[in-house]
Each structure stands twice: as C-alpha cells, then as structure tokens.
Amino acid sequence: MSTAATGTARPVAPVKPDFRAGLAMLIAMSVGTGMIQAPLSTALLTAYPIVMGFLLGSRRLALQLAGSYLVLRLLHHLFLLGAQLPVVPWIGIILTMSVYGFPVLAMSLVVFTRVPMGEVMAALGKLRLPGTLLVVIMVIYRYIPTLLGELRIIASAVRLRGSEATWRRWLRHPLAELEHAVVPVLMRSGRISDELSAVAECKGLDPSHRRSAMTAPRLEVVDWVLMTLAVGVVVALRIWVRQ
C-alpha cells in the first residue's frame, strides 16, 4: 500500500554529509594545512574535498574549485619566478597563503553549500549549543548572502541610471561618491535586518526553546566513512612528508 493511501508521509532523507561530519572534516583540513606544507601534499589534500563534492553531486562546484586551484597554483608559480621585481614578493605571500589555505576553503564551500539551513540548525542543536548562539549563527548565515545580493541590486540600479561613479569622479569628489555608495547600503541593511527579524519570529526561533526540524539529522555510515577518510588522508600525507 502506498504512503498516499495510508496517509503517512515518508521521512525525508537528510543531505549528506551531515553538518557535524562536515565540521569534523573541516577541522581535519585545518589541522592538515598547518602540518603539511609540501606543494604536492597540499595539492593532494585539496583534491579530497573536490572529489568528495563531485561524488556527492556538487559537480559544478567541484569543477569550479578544481579550476580555481589550478589558476591559483599557476599564478603562484609565476610570481615566484618574478620574486625579484618590486611589489611582486608581497603578492606572492598572499598567493602562498591562499594556496595552503585552499583545502579549508574547498571543504567549507562543499559543506556549507550542500546542507540546508534547517538541517544546519538541527545538527547544531544536537551539539547542545546555547540557543542564543544558534540564533546568531542563523542570522549571520542568512544576512551575508542577502546583503551581497542587495549590493548587486544597488550596482545594477546605478548603472541603469547612468550615474556610475568613474575614477575621475572619485578623484574630484571622493566624499560625495563615498556617500553615494554607503547610504544606499545602510538603508538596505536596515530593511534586511527588519525582514530577518520578522522571519526569525515567524519561524519560532527562541533561544530558550529547542528548534524542531522536519528532517532529523543523523550520523550514518557515509558520514563516518567521510570523516575517517579525511583524517586518514591528513595522517597519510603527514607521514609521507616526514619520510
């Protein structure tokens, strides 16, 4: 008999990896970037979140991360060749930090772009975190992408009105141009804050009460396998570097 006939809803499977497993893998990548400094080992460490994202279905993101890492390594190599030129060493330092920190960035993007906010909140609730901290995390998680979208809308509106600030205007009237850029952002930010507060109230977010979720987060075999592989990759690369 089907679920429609019985009137019971089939439980929705949670997105993998579980957010708690993602945090564990993120910590493993962070520790790995601190212990592993060899170029080849860093590349292999970066390959883990990229391959994981590809296998879990985030193929477009995985390809974008792989392409970005290759471009970053190419730029890093070119700037090392021109290290004797002025200013180049400073840019090379930034590129070096970016290359060695890329595994953490890749893992963060794979985890945070896959897991919905409801499951993130439910998983963090399982960790017995304070309710106030959960509300703050939810607001920040929602606020930053929304604010970036508002900035794109403001930039589009400026271009449509033909009042886009050129470098000459910034040189002649820097304070006026800065005001034209900051005031719309502040006005939109106030509106976003009010809307997010209303959304939080409608969703019943209360620091003193635990939030329920339609999809119950749970650590399954695939989560334990991914966490074990992440730790295993870090340990194996560390042993390989020391030999």
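Here the structure is shown first, and the text comes after it.
Let us look at the structure shown here. (Residues numbered from 1 in each chain as written. Predicted model: local features only at pLDDT ≥ 70, side-chain atom pairs only at ≥ 80, totals over all residues. Heavy atoms only, no water.)

1. Some words on the overall build of the protein chain
Step number 1: Looking only at helices and strands, the protein chain features 10 helices and zero strands.
Step number 2: For the protein chain, the α and β elements follow one another from N to C terminus as α-α-α-α-α-α-α-α-α-α.
Step number 3: For the protein chain, the residues scored as buried account for 30% of the 243 residues in total.
Step number 4: Contacts in the protein chain between residues at least 24 apart in sequence constitute 79% of all its contacts with a sequence separation of at least 6. (Helix = DSSP H or I, 4+ residues; strand = E, 2+ residues; numbered from the N terminus. Buried < 20%, exposed > 50% of the residue type's maximum accessible area, 1.4 Å probe, protein only. Contact = heavy atoms within 4.5 Å.)

2. Focus on the packing of aromatic side chains
Step number 1: Evaluated as defined, the whole model comprises two aromatic pairs.
Step number 2: Taking 5.5 Å as the distance between ring centres and 70° as the angle between the ring planes, the aromatic pair formed by phenylalanine 19 and phenylalanine 112 counts as edge-to-face. Here phenylalanine 19, found in helix α2 (residues 19-35), pairs with phenylalanine 112, found in helix α5 (residues 88-114); they are 93 residues apart in sequence, far enough to count as distant.
Step number 3: Judged by its relative accessible area of 5%, phenylalanine 19 is buried. (Phe/Tyr/Trp six-rings, centres within 6.5 Å; stacked < 30°, edge-to-face > 60°.)

3. Remarks on the pattern of salt bridges
Step number 1: Counted under the stated rule, the structure contains two salt bridges.
Step number 2: Taking the shortest distance from any N to any O, the salt bridge between arginine 218 and glutamate 220 comes out at 2.7 Å.
Step number 3: Arginine 218 sits in the partly exposed class, given a relative accessible area of 39%.
Step number 4: By relative accessible area, which is 29% here, glutamate 220 ends up partly exposed. (Salt bridge = Lys/Arg side-chain N within 4 Å of Asp/Glu carboxyl O.)

4. Observations regarding the packing of helix α4 (residues 59-81) against α5
Step number 1: Put simply, α4 and α5 touch, their axes get as near as 9 Å, and they point 170° apart. By the angle between their axes, α4 is roughly antiparallel relative to α5. Crossing of α4 against α5: the hand is left-handed. Across from Leu61, Leu65, Ser68, Tyr69, Leu72, Arg73, Leu75, His76 and Phe79 in α4, the residues of α5 making contact are Val88, Ile91, Gly92, Leu95, Thr96, Ser98, Val99, Phe102, Ala106, Leu109, Val110 and Thr113.
Step number 2: Of the residues belonging to the contact of α4 with α5, the class tally is 14 nonpolar, six polar and one charged. (Axes fitted to C-alpha atoms, helices over the stretch in contact; angles between N-to-C directions. Parallel < 35°, antiparallel > 145°, perpendicular 65-115°, else oblique. Left-handed = near helix turned anticlockwise from the far one by under 90°. Nonpolar A, V, L, I, M, F, W, Y, C, P; charged D, E, K, R; others polar.)

5. Some remarks on the nonpolar core
Step number 1: Membership of the largest hydrophobic core comes to 36 residues, with the highest contact counts inside it found for Phe19, Met25, Met29, Tyr48, Met52, Leu65 and Met107.
Step number 2: Broken down by secondary-structure element, the contributors of at least two residues to this core are α2, α3 (39-55), α4, α5, α6 (117-126), α7 (131-160) and α10 (221-242).
Step number 3: With residues near it in sequence (within four places) discarded, phenylalanine 19 still touches Val111, Phe112, Val115, Val120, Ala123 and Leu124. (Core = buried A, V, L, I, M, F, W, Y, C linked by side-chain atoms within 4.5 Å.)

6. Points about α2
Step number 1: Taking 1.5 Å per residue as the helical rise, α2 with its 17 residues ought to reach 24 Å, and the 24 Å between its terminal C-alpha atoms agrees with that figure.
Step number 2: Buried within α2 we find Phe19, Arg20, Ala21, Gly22, Met25, Leu26, Ala28, Met29, Gly32 and Thr33.
Step number 3: Each element contacted by the buried residues of α2 is listed here: α3, α5, α6 and α10.
Step number 4: Its side-chain oxygen at 2.9 Å from the backbone nitrogen of arginine 20, aspartate 18 defines the N-terminal cap of α2. (Expected span 1.5 Å × (residues − 1). Polar contact = N/O pair within 3.5 Å; in protein donor to acceptor, adjacent residues only side chain to side chain.)

7. Observations regarding the environment of methionine 214
Step number 1: Examined against the element boundaries, methionine 214 turns out to sit in the loop between α9 (174-202) and α10.
Step number 2: Taking relative accessible area as the criterion, methionine 214 reaches 85% and is therefore assigned exposed.
Step number 3: When the C-alpha atoms of methionine 214 and glycine 118 are compared, they prove to be 8.4 Å apart, with 96 residues separating the residues in sequence.

8. Let's talk about the side chain of serine 41
Step number 1: Here serine 41 is to be found in helix α3.
Step number 2: Those residues within four positions of serine 41 in sequence are excluded, and the remaining contacts are Ile36, Leu237, Trp240 and Val241.

9. Notes on the side chain of threonine 33
Step number 1: Topologically, threonine 33 is positioned in helix α2.
Step number 2: Those residues within four positions of threonine 33 in sequence are excluded, and the remaining contacts are Leu45, Tyr100, Pro103 and Val104.

10. A look at the environment of leucine 23
Step number 1: Residue position: leucine 23 is located in helix α2.
Step number 2: Sequence separation of leucine 23 and serine 108 is 85 residues, and the distance between their C-alpha atoms is 8.5 Å.

11. Details of α10
Step number 1: In this model α10 runs 32 Å from its N-terminal to its C-terminal C-alpha over 22 residues, within 8% of the 32 Å that 1.5 Å per residue would give.
Step number 2: Residues of α10 that are buried: Asp223, Leu226, Met227, Ala230, Val234 and Leu237. The buried side chains of α10 occupy one side of the element, clustering within an arc of 105° when seen end-on. Exposed positions of α10 whose direction lies more than 90 degrees from the buried face are Val221, Thr228 and Arg242.
Step number 3: Contacts from the buried residues of α10 go to α2 and α3. (Arc of directions from axis to C-beta.)

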